[in-house]
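What follows is each chain in one-letter form.
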Amino acid sequence: MLNPVQCSAAGMEPRGLKERYGDRIVFWGGGIDTQQVLPFGTPAEVRAQVLERCEIFSRGGGFVFSSIHNIQAQTPVENIVAMVDAVHDFCGSPRSAHA
């Protein structure tokens, strides 16, 4: 298992990681960039990155969705909701079904 998956670090590009190691390890993290996109992006940007990362890392299994690091204190609540909703939508279970 690789944890954390910090996609902004050198050599940690999601597609490359999955292609090189995806059949041998599980990726734990990398679901959203907590340094730029989650705290400073729009909810639409958050959603887009989450869906893209889920698509890349989940192909063929071996992915546990998690943010790269802790969610920072000033992160807008709307962005956290967008992240959670995108994961639920990707998995085919709208958040309202779990409320």
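Our subject is the structure that appears above.
Rules used in this analysis
Residues numbered from 1 in each chain as written. Predicted model: local features only at pLDDT ≥ 70, side-chain atom pairs only at ≥ 80, totals over all residues. Heavy atoms only, no water. Helix = DSSP H or I, 4+ residues; strand = E, 2+ residues; numbered from the N terminus. Rg over C-alpha atoms; globule rule 2.2 N^0.38 Å. Contact = heavy atoms within 4.5 Å. Areas by Shrake-Rupley, 256 points an atom, 1.4 Å probe, with all protein chains shown as cover. Lys, Arg positive; Asp, Glu negative; His and termini not counted. Charge placed at Lys NZ, Arg CZ, Asp CG, Glu CD. Expected span 1.5 Å × (residues − 1). Salt bridge = Lys/Arg side-chain N within 4 Å of Asp/Glu carboxyl O. Buried < 20%, exposed > 50% of the residue type's maximum accessible area, 1.4 Å probe, protein only. Axes fitted to C-alpha atoms, helices over the stretch in contact; angles between N-to-C directions. Parallel < 35°, antiparallel > 145°, perpendicular 65-115°, else oblique. Left-handed = near helix turned anticlockwise from the far one by under 90°. Nonpolar A, V, L, I, M, F, W, Y, C, P; charged D, E, K, R; others polar.

Draft legend 1. Examining the overall build of the chain more closely. Summing up its helical and strand segments, the chain has 4 helices and 2 strands in all. Counting helices and strands in the order they occur from the N terminus, the chain gives α-β-α-α-β-α. Over its C-alpha atoms the chain spans a radius of gyration of 13 Å, differing by no more than 12% from the 13 Å that the globule rule assigns to 99 residues. Here the C-alpha coordinates of the chain stretch approximately 35 × 30 × 20 Å along the principal axes. A separation of at least 24 residues holds for 66% of the contacts in the chain among residues at least 6 apart in sequence. Surface accessibility of the chain: about 5,700 Å² in total, with carbon and sulfur atoms responsible for 55%. Seen as two clouds, the 8 positive and the 10 negative side-chain charges of the chain have centres 6 Å apart.

Draft legend 2. View of helix α3 (residues 43-58). Here α3 spans 22 Å end to end across 16 residues, near enough to the 22 Å set by a 1.5 Å rise per residue. Close packing links the buried residues of α3 with α1 (14-21), β1 (27-28), α2 (37-40), β2 (63-64) and α4 (77-90). Where α3 ends, the next residue or the one after it, Gly60, has phi of about 80 degrees, a positive value.

Draft legend 3. Broad picture of the pattern of salt bridges. All told, the structure shown has 4 salt bridges when counted by the stated rule. Its salt-bridge partner being Arg24, residue Asp23 comes within 3.6 Å of it at the nearest N-O pair. Residues Asp23 and Arg24 agree in their burial class; the two are exposed. One salt bridge connects Arg59 with Glu55, and the closest N-O pair in it is separated by 3.7 Å. On the accessibility criterion, Glu55 (40% relative accessible area) is partly exposed.

Draft legend 4. Representation of the packing of α1 against α3. Remark: α1 packs on α3, axes separated minimally by 9 Å, with the N-to-C direction vectors making an angle of 15 degrees. Of the possible angle classes, the one that applies to α1 and α3 is roughly parallel. Of the two possible hands of crossing, α1 and α3 adopt the one that is right-handed. Where α1 abuts α3, its residues Pro14, Arg15, Leu17 and Lys18 lie against Glu52, Arg53, Ile56 and Phe57. Taken together, the residues that form the contact of α1 with α3 break down as 4 nonpolar, no polar and 4 charged.

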